[in-house]
Protein chains: 2
Amino acid sequence: MNQLRGACIIGQSGGPTSVINASALGVIETALKSDAITQVLGAEHGIKGVLNDRLFDMGLEDPQELALLKYTPSSALGSCRYKMAGPEVDDTDYKRILEVFKKHDVRYFFYNGGNDSMDTCNKISKYMQSVGYECRVMGVPKAIDNDLWGTDHCPGFASAAKYIATSMMEIYHDVHVYDTGMIAVVEIMGRHAGWLAGASALASAYGAGPDLIYLPEVDFDMEQFIDDVKRVYEQTGNCIVAVSEGIHYKDGRFVSEAKVAANDGFGHAQLGGLAALLAEILKRETGAKVRGIELNLLQRCGAHLASKTDMEESYLAGRVAVESAVHGISDKMIGFVREVVGGQYCCQTKLISLADVANTEKKVPRKWINAAGNGVERPFINYVLPLIQGEPDLPRQDSLPRFCHLKKILAK
Amino acid sequence: MNQLRGACIIGQSGGPTSVINASALGVIETALKSDAITQVLGAEHGIKGVLNDRLFDMGLEDPQELALLKYTPSSALGSCRYKMAGPEVDDTDYKRILEVFKKHDVRYFFYNGGNDSMDTCNKISKYMQSVGYECRVMGVPKAIDNDLWGTDHCPGFASAAKYIATSMMEIYHDVHVYDTGMIAVVEIMGRHAGWLAGASALASAYGAGPDLIYLPEVDFDMEQFIDDVKRVYEQTGNCIVAVSEGIHYKDGRFVSEAKVAANDGFGHAQLGGLAALLAEILKRETGAKVRGIELNLLQRCGAHLASKTDMEESYLAGRVAVESAVHGISDKMIGFVREVVGGQYCCQTKLISLADVANTEKKVPRKWINAAGNGVERPFINYVLPLIQGEPDLPRQDSLPRFCHLKKILAK
């Protein structure tokens, strides 16, 4: 085995999740214990922290406080949305990264993010190879959207799914309180893939969920949508609808953009979101009481409803990334393989080439969506259910979450 | 003691809460055990269920399933918003109620609701007295708004407060992930009283909450609001604002209605709520990235974040209502008295005259709000904190809530 000694950097990138810090902790704790890794550096705001040489010395954190990262939502090191052009277009950033890597003797780079972040990883690794600087680069996945290619599922997805399913069951009870009837439109994250909106079907599977679900995988038809809702509302006196934020018409236009045209010039285009727009349309069409509900940021930061399975797997992805790199692996993202052992769900890791995963999106298979395109089928439920299992033992202080407070001491 | 034998009715009215069914269970379980009470009837949709003679025989429910009511949000018997005129104006409803009471030999009436429900209770009781029909009437309070007069606090408030404080801490973490800065405006329920918006300060007290809080108790000034937000945003790069839905200008106009005027005639007046409106205004004024977040129905049905203290006290209110009535008490609402015993919070019940509590609102004392009117003071935190303590042991099925399924068999 090629024992490569040097410092490592862990960075977080893209949209946060409830359990993204569990992955960071998996990297940090494993790296701190590794003989090969001489210093563990946390990049402030992802790759921006490398470019700015803003690197925290994670070895100076109190281990017990650090352990709280597992339960703390939303990229504790700070995140960024920084898309780097290839070095053949502009190598300024790459030169700077090399400079900072050399300064701190960085030989391991772990990047915790989604599609774009895997692209960043891949480019950095290729550049380092091209200039002959030995550095192992590993991707640690996260994506509430669950849209990363090559892995059974993505860390962060299941906790968001659990938040959505639980909230949907509670909303169901509230919506059914009055005898005057009500329609609720619940807007769920997912710009291009409908995994999260589909997860609301878990609530239906347990008797208290949406009647209709619309995913971006199926072209949206407003007339059909209105007919669907009217039918359920007339039959039952209520209707709960789950919609992906990314639903779009056949020509690709997002439904959420519809009001921009209607409101052109009046400056109110951004008021409310898709849920508010659809609620307004349904109000006019049905005369019913309609409420638009946007789950908003809460679905991706609601750590109090995290799935223990997701949290442990997120940690695992970070740990295995470090162990693999120390054992000579580079240019890979940690992926998950689902195994069923004695009827029990079991998750194994695998290594996926960064080049393969970068910028490819995994969508919900059409056969997992019903023929009418307004709900999901049983295989979808069977896919999600094992992932949301287990309640972590959340640290609390006076019955409120006790989240991690890092000292964030800059490395010299 | 006057031992009055007969059936009892439990009805639920007004907006639901996360723990309103804990109170119903307190009534039902205590009544089922009482020698004086011959049958326990649950009214479908509150007083409407009495008028329609839609009364469920709660004695036919499975006791173990019934016990799940404690953890199930949102008026399981169904609620209503039905305001009755006084019998001197129109006694049709009262005659009908008497008829149904006589049919089922109802001698105890328990009504679980807010201000309006206590008014209904009071009118029914006075009418029954005027026609010489012996019936004991008791109010069981609930109000997420915490605005009932004469009680230290209201069942349902603390669970909503805990949901808000916890969610606010999580939103805080999400908002601080990027270095590009962000403003978030979080809209919280409370039309006339700001207890719930104020409760968001719990999150701030634990280091991760709103910078600014606006309650309906203080007249809103848009210029001052914009200045406040700009100041915080310029100093820190971020700003989180909590607003009561009921904030209003000096002349009484709700801020949430402002866009109606601006949009007059275009039919988009109802798109989005107060958060969306304020977010739009701040976007224009600051150029920052601004997100409007409406906690919506979730704050009043998020039973997974219920306060155990609140849940137990809600049950207690129901139990004591039955015990008091059986012991000869009538025309009272159960209220709470706060006691501190050996430094520990302790809650006692008291009886409050229905006539006193009906239609009176309790607001946040001005001295508990800071001088600038954009935050709350320590006494507010000290008031709320004991109420949110404790996590109930929530029944789950496959890591999702296991809510109560009632058979709802109509009484003959």
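These notes cover the structure that comes with them.

Criteria and cut-off values
Residues numbered from 1 in each chain as written. Chains lettered and ligands numbered in written order. Predicted model: local features only at pLDDT ≥ 70, side-chain atom pairs only at ≥ 80, totals over all residues. Heavy atoms only, no water. Buried < 20%, exposed > 50% of the residue type's maximum accessible area, 1.4 Å probe, protein only. Helix = DSSP H or I, 4+ residues; strand = E, 2+ residues; numbered from the N terminus. Right-handed = clockwise from strand over helix to strand, strands pointing away. Pairing = 2+ DSSP bridges. Contact = heavy atoms within 4.5 Å. Buried area = accessible area lost by both parts, 1.4 Å probe. Salt bridge = Lys/Arg side-chain N within 4 Å of Asp/Glu carboxyl O. Polar contact = N/O pair within 3.5 Å; in protein donor to acceptor, adjacent residues only side chain to side chain. Nonpolar A, V, L, I, M, F, W, Y, C, P; charged D, E, K, R; others polar. Least-squares fit on C-alpha atoms with pLDDT ≥ 70 in both. Axes fitted to C-alpha atoms, helices over the stretch in contact; angles between N-to-C directions. Parallel < 35°, antiparallel > 145°, perpendicular 65-115°, else oblique. Left-handed = near helix turned anticlockwise from the far one by under 90°.

Let's talk about the pairing of strand β2 (residues 37-43) of chain A
In the case of a regular strand, side chains alternate between the two sheet surfaces.
Residue and element names in this part refer to chain A.
Part 1 of the reasoning: Counting buried positions along β2 yields 5 of 7 residues, so the element is predominantly enclosed.
Part 2 of the reasoning: As a crossover connection, the stretch from strand β1 (residues 6-12) through helix α1 (residues 20-33) into β2 is right-handed.
Part 3 of the reasoning: Bridging between β2 and strand β3 (residues 55-57) involves 3 bridges; their strand directions are antiparallel. Within β3, the position partnered with L41 by the bridge is D57.

Points about the interface of chain A and chain B
Part 1 of the reasoning: At the junction of the two partners, chain A supplies 71 residues and chain B supplies 71 residues.
Part 2 of the reasoning: Between chain A and chain B lies a buried interface of about 6,000 Å² when both sides are counted; carbon and sulfur atoms form 58% of it.
Part 3 of the reasoning: Along the contact surface separating chain A from chain B lie 6 salt bridges.
Part 4 of the reasoning: Here chain A and chain B share 34 residue pairs in polar contact (both at pLDDT 80 or more) between them.
Part 5 of the reasoning: A breakdown of the residues in the side of chain A that touches chain B according to their chemical character gives 30 nonpolar, 25 polar and 16 charged.

As for the relation of the copies chain A and chain B
Part 1 of the reasoning: With an axial shift of 0.0 Å and an RMSD of 0.0 Å, the rotation relating chain A to chain B amounts to 180 degrees. Each copy turns onto its partner about a two-fold axis.
Part 2 of the reasoning: The residues that chain A uses at the interface reappear at the interface of chain B in 100% of cases, marking a shared surface.

Describing the packing of helix α1 (residues 20-33) of chain B against helix α13 (residues 308-326) of chain B
Residues and elements named next belong to chain B.
Part 1 of the reasoning: Interhelical geometry of α1 versus α13 gives an angle of 40 degrees and a closest axis separation of 7 Å. In this view, α1 runs oblique relative to α13, as classed from their interaxial angle. Judged by the twist between their axes, the crossing of α1 over α13 is right-handed. Judged by residue contacts, A22, S23, L25, G26, V27, E29, T30 and A31 of α1 engage M311, S314, Y315, G318, R319, V322 and E323 from α13.

Some points on the side chain of D174 of chain A
Part 1 of the reasoning: By the element assignment, D174 of chain A lies in helix α6 (residues 157-175).
Part 2 of the reasoning: We classify D174 of chain A as buried; its relative accessible area is 1%.
Part 3 of the reasoning: For D174 of chain A, the contacting residues outside a window of four places in its chain are P16, S74, L297, R300 and C301 of chain B.

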